[in-house]
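# Architecture at a glance
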2 protein chains.
Amino acid sequence: MKLFTWGIAPNPRRVKIFLAEKGLNVPSEDVGVPGKAFLKPEFLEAHAHRRVPLLLLDDGTYIAEAMAICRYFEALHPEPALMGTNPQEVAVIDMWERLAEWEGMQAISEYYRNSKGSFTDRSLAGYSKTLEQIPALIERGEARLDLFYEKFDAQLSDNEYVAGERFSVADITTLCTIDFAAYSNLGIPENCQNLQRWYKSVSKRASVVN
Amino acid sequence: MKLFTWGIAPNPRRVKIFLAEKGLNVPSEDVGVPGKAFLKPEFLEAHAHRRVPLLLLDDGTYIAEAMAICRYFEALHPEPALMGTNPQEVAVIDMWERLAEWEGMQAISEYYRNSKGSFTDRSLAGYSKTLEQIPALIERGEARLDLFYEKFDAQLSDNEYVAGERFSVADITTLCTIDFAAYSNLGIPENCQNLQRWYKSVSKRASVVN
């Protein structure tokens, strides 16, 4: 088994934190070109998926997509549960994880990939053809991120964690989104006190610090 | 329990087909304004999520996001399995479902919502604030859809179904994506013979026809 990753990139990081929470050690290989904003050509040529994280199983099967990889390890190693333990909890966690991904991670990615010179012609990850940057997505990404902060701050006003009373994979996606946004100087607004409280707490977890 | 839906919209349709495959009957309410391209104001005011499908549970909990709703019913009623029966199958199905969603459903939504006059100021679903249409996303949506067709045609060259040898939720998302694209005259290209073969077959399923 091998996990393909890339430096501090937010999506492989979701899997790394998940594995650390589970106490699992999976051999990994960083396939980024050092100091550059792209993956090694030999990785891109070998893998039609062209994105990380990517998990190679011992029988040769590939699992792409951070959440599919996490779901694989959750099924193999149910404890500690990070994706719910009964139908309702499973659904609520899946919902909040998806909201973090669609409304948060996509918003900051939209902002980031359309504003940086290093992503010219690559407005979306994983495509082999040219997808030109779209300047209007910079502003839209920022607007969406504001609404993401507002929604998650409200959710955390009466929940300790993003999906309720237990730390879950929804917290992991939210944290990686916010750290990515902060890296672009678009961190949590001052007035989002509930989100600030939550952020301070989850940032101290061993899985995040190490 | 109640499921909020909207006419032939592709995302509630994913849940409807899923429930029909399970043989489940869930009371539902269509919250679209007849003949218009928006949801009823009373629904939008009452539900911060502002999107369908949305599932209301008997204890008052809301589950948003088509896949979170499906996962709830899969956990409650495991047979017939539509999300996998072992860790590897679960992960492979989740991966393909996500690829259909990100690379297919998002592509056609991008095309559709940015090209129709009825979606001015609503380039994305579910937002309470103005998000202006971005004309460049029409072209990018089409380009992404081409690549989605290419990838899924290749996958179906040696798999009967999208995620392997069994019908799964990945087929449901793929079918709803393609029907939505066909509705916009962007159906499966002639040369995607594997996808055409699969499409003909899954379109005949009782869950889809009825």
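Residues numbered from 1 in each chain as written. Chains lettered and ligands numbered in written order. Predicted model: local features only at pLDDT ≥ 70, side-chain atom pairs only at ≥ 80, totals over all residues.

### Section: the overall build of chain A
When its secondary structure is counted, chain A shows eight helices and four strands. A compact globule built from 210 residues would reach a C-alpha radius of gyration of about 17 Å, and chain A, at 17 Å, matches this within 12%. Projecting the C-alpha coordinates of chain A onto the three principal axes gives extents of approximately 45 × 45 × 30 Å. Buried positions account for 44% of the 210 residues belonging to chain A. (Helix = DSSP H or I, 4+ residues; strand = E, 2+ residues; numbered from the N terminus. Rg over C-alpha atoms; globule rule 2.2 N^0.38 Å. Buried ≥ 20, exposed ≤ 12 C-beta atoms within 10 Å, placed from the backbone.)

### Notes on the sheet that holds strand β1 (residues 2-5) of chain B
All names here are of chain B. Here we have four strands laid out as an open sheet, ordered β2-β1-β3-β4, and mixed in their pairing. Edge positions in the sheet fall to β2 (28-30) and β4 (62-64), since each of these pairs with one other strand and no more. Ignoring strand direction, the axes of neighbouring strands in this sheet form an average angle of 20°. (Pairing = 2+ DSSP bridges. Axes fitted to C-alpha atoms, helices over the stretch in contact; angles between N-to-C directions.)

### Considerations on the interface of chain A and chain B
Chain A puts 29 residues into the contact, and the matching count from chain B is 29 residues. For the side of chain A that touches chain B, the secondary structure elements donating two or more residues are β4 (62-64), α3 (66-76), α4 (87-115) and α5 (136-155) of chain A. With eight residues, α4(A) is the largest single contributor of residues to the side of chain A that touches chain B. (Contact = placed C-beta atoms within 7 Å.)

### So, the domain arrangement of chain A
All names here are of chain A. If you check the domain split of chain A, you get domain 1 (2-76) and domain 2 (87-209). Every contact between the two is made by 13 residues of domain 1 and, on the other side, 15 residues of domain 2. Secondary-structure elements contributing two or more residues to the side of domain 1 that touches domain 2 are α1 (10-22) and α3. Per element, the largest residue contribution to the side of domain 1 that touches domain 2 is seven residues, and it comes from α1. Tallied by class, residues from the side of domain 1 that touches domain 2 come to seven nonpolar, one polar and five charged. (Domains from an automatic or database assignment. Nonpolar A, V, L, I, M, F, W, Y, C, P; charged D, E, K, R; others polar.)

### What about the relation of the copies chain A and chain B?
There are two copies of the chain, and a rotation about an axis plus a shift along that axis relates them. Rotating chain A by 180° and moving it 0.0 Å along the rotation axis overlays it on chain B with an RMSD of 0.0 Å. In symmetry terms, the pair is related by a two-fold rotation axis. Comparing interface residues between copies, 100% of those in chain A also lie at the interface in chain B; the contact surface is shared. (Least-squares fit on C-alpha atoms with pLDDT ≥ 70 in both.)

### Observations concerning the confidence of the model for chain A
Low pLDDT marks regions whose predicted coordinates should not be analysed in detail. Confidence along chain A averages 94 in pLDDT terms, with 100% of residues attaining 70 or more. Of the two predicted TM-score estimates for the complex, the pTM is 0.96 and the ipTM is 0.95. (pLDDT = per-residue confidence, 0-100.)

### Re helix α1 (residues 10-22) of chain B
Each turn of an α-helix holds 3.6 residues, which means side chains three or four residues apart point in the same direction. All names here are of chain B. The end-to-end C-alpha separation of α1 is 19 Å, in line with the 18 Å expected for 13 residues at 1.5 Å each. The buried fraction of α1 is high, at 11 of 13 residues. Every buried residue of α1 is listed here: Pro-10, Asn-11, Pro-12, Arg-13, Arg-14, Val-15, Lys-16, Ile-17, Phe-18, Glu-21 and Lys-22. Residues of α1 that are buried in the fold lie against β1, α3 (66-76), α4 (87-115), α6 (169-183) and α8 (206-209). With its phi angle positive at about 75°, Gly-23 sits one or two positions after the end of α1. (Expected span 1.5 Å × (residues − 1).)

### Some words on the packing of α4(A) against α3(B)
Direction vectors running N to C along α4(A) and α3(B) enclose 160°, while the axes themselves pass 8 Å from each other. With respect to α3(B), the axis of α4(A) lies roughly antiparallel. Regarding α4(A) and α3(B), the two cross each other, and that crossing is right-handed. Contact residues: α4(A) offers Pro87(A), Gln88(A), Val90(A), Ala91(A), Asp94(A), Met95(A) and Arg98(A), while α3(B) offers Met67(B), Ala68(B), Ile69(B), Arg71(B), Tyr72(B), Ala75(B) and Leu76(B). (Parallel < 35°, antiparallel > 145°, perpendicular 65-115°, else oblique. Left-handed = near helix turned anticlockwise from the far one by under 90°.)

### Some thoughts on the nonpolar core
The tendency in soluble globular proteins is for nonpolar side chains to be buried side by side. Ranked by internal contacts, the top residues of the largest apolar core, which has 108 residues, are Ile63(A), Ile69(A), Trp96(A), Ile63(B), Ile69(B) and Trp96(B). In this structure, Ile69(A) is in contact with Val15(A), Pro53(A), Leu55(A), Ile63(A) and Ala91(B), ignoring residues within four places of it in sequence. (Core = buried A, V, L, I, M, F, W, Y, C linked by C-beta atoms within 7 Å.)

### Section: the sheet that holds β4(A)
Residues and elements named next belong to chain A. The four strands lie next to each other as β2-β1-β3-β4, forming an open sheet whose pairing is mixed. Sheet topology places β2 (28-30) and β4 at the edges, where each strand pairs with a single neighbour. With direction set aside, neighbouring strand axes in the sheet form an average angle of 20°. Two elements, strand β1 (residues 2-5) and β2, share three bridges in a ladder whose sense is parallel. If you follow Phe-4 over to β2, its bridge partner there is Glu-29.

### Comments concerning α6(B)
All names here are of chain B. A rise of 1.5 Å per residue sets the reference length of α6, with its 15 residues, at 21 Å; its end C-alpha atoms lie 21 Å apart and thus fit the reference within 8%. α6 sits mainly inside the fold: 12 of its 15 residues count as buried. Buried residues of α6: Val-169, Ala-170, Asp-171, Ile-172, Thr-173, Thr-174, Leu-175, Cys-176, Thr-177, Ile-178, Phe-180 and Ala-181, and no others. Immediately beyond the C-terminal end of α6, within one or two residues, lies Asn-185, with a positive phi of roughly 60°.

### What to know about the environment of Glu45(A)
Looking at the secondary structure, you find Glu45(A) in helix α2 (residues 41-46). Linking Glu45(A) and Thr177(A), residues 132 residues apart in sequence, is a C-alpha distance of 28 Å.

### Quick look at unusual backbone geometry
Omega for the peptide link from Val52(B) to Pro53(B) comes to 0°, which places this bond in the cis form. Along the polypeptide, Pro53(B) turns up in the loop between α2 (41-46) and β3 (54-56). For the bond running from Glu79(B) to Pro80(B), omega is -10°, close enough to zero to count as cis. As for its placement among the helices and strands, Pro80(B) is situated in the loop between α3 and α4. Residue Glu65(A) is not a glycine yet carries a positive backbone phi of 80°. Relative to the helices and strands, Glu65(A) is located in the loop between β4 and α3. In this structure, Arg50(B) takes a positive phi of about 60° despite not being glycine.

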